[in-house]
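Here are the chains, one letter per residue:
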Amino acid sequence: MSDLKLAKSALISVFSKEGLAPIAQKLDELGVTIYSTGGTEKFIKDLGINVIPVEDVTSYPSILGGRVKTLHPKVFGGILNRQDHDGDVEEMAQFEIPQIDIVIVDLYPFEKTVASGASEEDIIEKIDIGGISLIRAAAKNFKDVTCVSSVDDYSEFLDLLNEKNGETNLADRKKFAGKAFKVSSHYDTAIFSFFNSEENVFKQSFLQGKELRYGENPHQKGTFFGDFDEVFEQLHGKELSYNNLLDVDAAVNLMNEFKNDAPTFAILKHNNACGLAQRETLHQAYMDALAGDPVSAFGGVLISNKEIDKPTAEEIHQLFCEVVIAPSFSTEAEEILKGKKNRILLILKDVALPENMVRTCLNGVLVQDRDNKTDALEDLTTATNNKPSSEELNDLIFASKICKHTKSNTIVLAKNKQLLASGTGQTSRVDALRQSIDKANSFNFDLKGAVMASDAFFPFPDCVEIAGNEGISAVIQPGGSIKDQLSVDYCNENNISMVMTGTRHFKH
């Protein structure tokens, strides 16, 4: 038995009319009877197409300010009836219910209304009731009905109409049903997220995923779910890879710490800063960031908190780098940096990032608040007799910001608002410190008068002793160890100042 169905009737009720005209015209050309309501009905009539108001079927007008239009047995019976079921066929005839073969719905824009900052009253009015019910009914009965549930599917549906002249097979209808339940589940998740403030429930939904070339490694598949274009405007270059996206995310989060500061430039590799400096000019900030580790900078991700100008672009152009991010690029800088065809240039838009951070864990997910705490001068408690100078305090805050965004265990060394070196992702704090010292020495940095930041407390005085022997003069750490006093005592004995923040910044 053939599963082909020739559509003879369609119900159309949409919020957005964009792209609807060609579909309505094609349905009319195919002799399909069209039912509709309200603004959609008027839109179709204005195209010169005959349309039957739903009210003529239900004998009820649109009521309650438009809240109830299609919620009626004569509408839902026409959609949900099983055409091969004798009892359903008899009841359709008994109650004079018209068969509906196609349902086209576009829901009220709930998410856009929330994002616009509208009042709660306006948001509630954008919770679609009739539309979502039509979608679920038509998708459930895909054996007999085709459901088109989004403007995004209009083009594909129109192609199907043109190709098959109003006929669909079961695979066609089931495919559109799957799309419909994707739309309805996403819509319900958005509404739940708006209302939920107490339930400890994890729900996330993205309508579109972008398939990447591969995942972290070439043998792994990778997909990005999210609206990349909401965050960036890509001016140039190839598509971003899985690893590019991780580095870009790390770069954006790091630079947010310096968003409103003096010209600041950072270079990242494998999610960690290998160079960062703040200067009076962006050009000098870049040069000093690069000097922090010119070896690791190769193939890195670069980010600035200011517009990239011509002098800075000329220097960047000499470096092989994957991605350059800035709030803007001068015309000259953009042209220079486009000189490498694969180099990715991104304009970072002023958008808020999600407040929750999510990662897979075992057979579930871990969710936590974003670490929005940035250590500031008012958070500091001087633990030593020797107080840091104003210059040291500025360097301590500078180093602490970098430390917060470096993989634990970490130690960050800085001087004159330049990252000298960091120890990243080490299994002990002593190892992280030794790594940072070795790295700083390898690039001929003088550590005398430098400051040290630690992402967590010192359980023993070994780190401050090692740091003091290198000439480091000031330390910032969270504190909280039962043996804090051992480190404080060493600092007091060796003229090292130490401040405590009271806030740990682990990053795993």
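Note that this is a predicted model, so its numbers are computed, not measured.

(A) Fine view of the overall build of the chain. A count of helices and strands for the chain gives 19 helices and 23 strands. Relative to the 2.2 N^0.38 estimate, which gives 23 Å for 508 residues, the radius of gyration of the chain is 31 Å and therefore markedly larger than a compact globule would have. Seen through its principal axes, the chain has C-alpha atoms that stretch 100 × 50 × 45 Å. Sorting the 508 residues of the chain into buried and exposed places 46% on the buried side.

(B) A look at the environment of Ala453. Of note, Ala453 is situated in strand 21 (residues 451–454). Expressed as a C-alpha distance, the spacing of Ala453 and Leu212, which sit 241 residues apart in the sequence, is 37 Å. Ignoring anything within four residues of it in the chain, the contact list for Ala453 reads Ala399, Ser400, Cys403, Thr410, Ile411, Val412 and Ile476.

(C) Region of the structure containing the pairing of strand 20 (residues 419–423). Within strand 20, five of the five residues are buried, which leaves the element mostly enclosed by the surrounding structure. The antiparallel hairpin formed by strand 19 (residues 411–414) and strand 20 contains four residues in its connecting segment, where Asn416 sits at a positive phi of about 50°.

(D) Inspection of the sheet that holds strand 10 (residues 232–236) at higher detail. Across the sheet, which stays open at both edges, the six strands sit in the order 10-15-14-13-11-12 with mixed pairing between neighbours. Every interior strand has two partners, whereas the edge strands, strand 10 and strand 12 (272–278), have only one. Neighbour-to-neighbour, the strand axes of this sheet turn through a mean angle of 20°, independent of strand direction. With four bridges joining them, strand 10 and strand 15 (residues 344–348) adopt antiparallel strand pairing. If you follow His236 over to strand 15, its bridge partner there is Leu345. Seen against the sheet, helix 13 (residues 282–292) touches strand 11 (264–269), strand 12 and strand 13 (300–304) and runs at an angle of roughly 30° to strand 11.

(E) Here's a closer look at the nonpolar core. Grouped together as the largest cluster of nonpolar side chains are 38 residues, with contacts concentrated most on Phe232, Val248, Leu276, Ile303, Ile325, Leu346 and Ile402. Contacts of Val248, omitting those with residues within four sequence positions, involve Phe232, Leu240, Val301, Val323, Ile325 and Leu346. Counting residues in each nonpolar core, the second largest holds 28 residues, with Ile123, Leu134, Ala180 and Tyr187 among its members.

(F) Up close: the packing of helix 17 (residues 429–442) against helix 18 (residues 462–469). Relative orientation of the contacting elements helix 17 and helix 18 amounts to 15°, with a least axis distance of 9 Å. The angle between helix 17 and helix 18 falls in the class roughly parallel. Classified by chirality, the crossing of helix 18 by helix 17 is right-handed. Of the residues in helix 18, those in contact with Arg429, Val430, Leu433, Arg434 and Ile437 of helix 17 are Asp462, Cys463, Ile466 and Ala467. Residues belonging to the contact of helix 17 with helix 18 are distributed by class as follows: six nonpolar, no polar and three charged.

(G) Spotlight on the pattern of salt bridges. Throughout the structure, instances matching the rule amount to 20 salt bridges. Close ionic contact of Lys338 with Glu334 constitutes a salt bridge, the shortest N to O distance being 2.7 Å. Residue Glu334 is classed as buried on the basis of its relative accessible area, which comes to 18%.

(H) Spotlight on empty space enclosed by the protein. Applying the stated criterion to the full structure yields four cavities of 30 Å³ or more. Taken together, 13 residues line the largest cavity, and the ones lying closest to its centre are Asp375, Ser400, Ser454, Asp455 and His505. Those elements that place two or more of their residues in the lining of the largest cavity are helix 16 (390–404), strand 21 and strand 22 (474–477). Each residue belonging to the lining of the largest cavity can be placed in one class, and the counts come to four nonpolar, six polar and three charged.

(I) Here's a closer look at helix 10 (residues 170–195). Under the 1.5 Å per step criterion, the end-to-end length of helix 10 is 37 Å for 26 residues, consistent within 8% with the ideal 38 Å. Near the N-terminus of helix 10, the side chain that reaches the backbone nitrogen of Ala171, with its oxygen 3.1 Å away, is that of Asn169.

(J) Summary view of the packing of aromatic side chains. The full count for this structure, using the stated rule, is nine aromatic pairs. Measuring from ring centre to ring centre gives 5.0 Å for Phe265 and Tyr286, while their planes differ by 70°; the resulting arrangement is edge-to-face. Of the two residues, Phe265 is situated in strand 11 and Tyr286 in helix 13; the sequence distance between them amounts to 21 residues. Each of the two residues, Phe265 as well as Tyr286, counts as buried. Each residue in the set Phe110, Tyr187, Phe194 and Phe195 is aromatic and connected to the rest through ring pairs, giving one cluster. Sitting over the ring of Phe192, Lys203 keeps its end group 5.8 Å from the ring centre.

(K) Structural detail: the layout of surface pockets. Within this model, the second largest pocket holds a volume of roughly 510 Å³. Taken together, 27 residues make up the lining of the second largest pocket; nearest its centre are Gly66, Arg67, Lys69, Tyr108 and Asp128. Listing elements by their share of the lining of the second largest pocket, those giving two or more residues are strand 2 (9–14), helix 2 (38–46), strand 5 (102–106), helix 7 (120–125) and helix 8 (130–140). Of the residues assigned to the lining of the second largest pocket, the class counts are ten nonpolar, ten polar and seven charged.

(L) Region of the structure containing the pairing of strand 5. Taking burial as the measure, the five residues of strand 5 include five buried ones, the bulk of the element. Of the two faces of strand 5, the one lined by Ile102, Ile104 and Asp106 and the one lined by Val103 and Val105 are each fully buried. Two strands pair when backbone bridges link them, and strand 2 and strand 5 are joined in this way by five bridges, in the parallel orientation. Within the sheet, the bridge partner assigned to Ile12 lies in strand 5 and is Ile104. Here three bridges tie strand 5 to strand 6 (residues 146–148), and the two strands are oriented parallel to one another. When the bridges of strand 6 are listed, Ile104 appears paired with Val148.

Reading the values: the criteria
Residues numbered from 1 in each chain as written. Predicted model: local features only at pLDDT ≥ 70, side-chain atom pairs only at ≥ 80, totals over all residues. Heavy atoms only, no water. Helix = DSSP H or I, 4+ residues; strand = E, 2+ residues; numbered from the N terminus. Rg over C-alpha atoms; globule rule 2.2 N^0.38 Å. Buried < 20%, exposed > 50% of the residue type's maximum accessible area, 1.4 Å probe, protein only. Contact = heavy atoms within 4.5 Å. Pairing = 2+ DSSP bridges. Axes fitted to C-alpha atoms, helices over the stretch in contact; angles between N-to-C directions. Core = buried A, V, L, I, M, F, W, Y, C linked by side-chain atoms within 4.5 Å. Parallel < 35°, antiparallel > 145°, perpendicular 65-115°, else oblique. Left-handed = near helix turned anticlockwise from the far one by under 90°. Nonpolar A, V, L, I, M, F, W, Y, C, P; charged D, E, K, R; others polar. Salt bridge = Lys/Arg side-chain N within 4 Å of Asp/Glu carboxyl O. 1 Å grid on protein atoms, 1.4 Å probe; cavity = no way out; pocket = protein on both sides within 12 Å on 5 of 7 lines; lining within 4 Å. Points joined across faces, edges and corners; volume = space filled by probe spheres on them. Expected span 1.5 Å × (residues − 1). Polar contact = N/O pair within 3.5 Å; in protein donor to acceptor, adjacent residues only side chain to side chain. Phe/Tyr/Trp six-rings, centres within 6.5 Å; stacked < 30°, edge-to-face > 60°. Lys NZ or Arg CZ within 6 Å of the ring centre and 35° of its normal.

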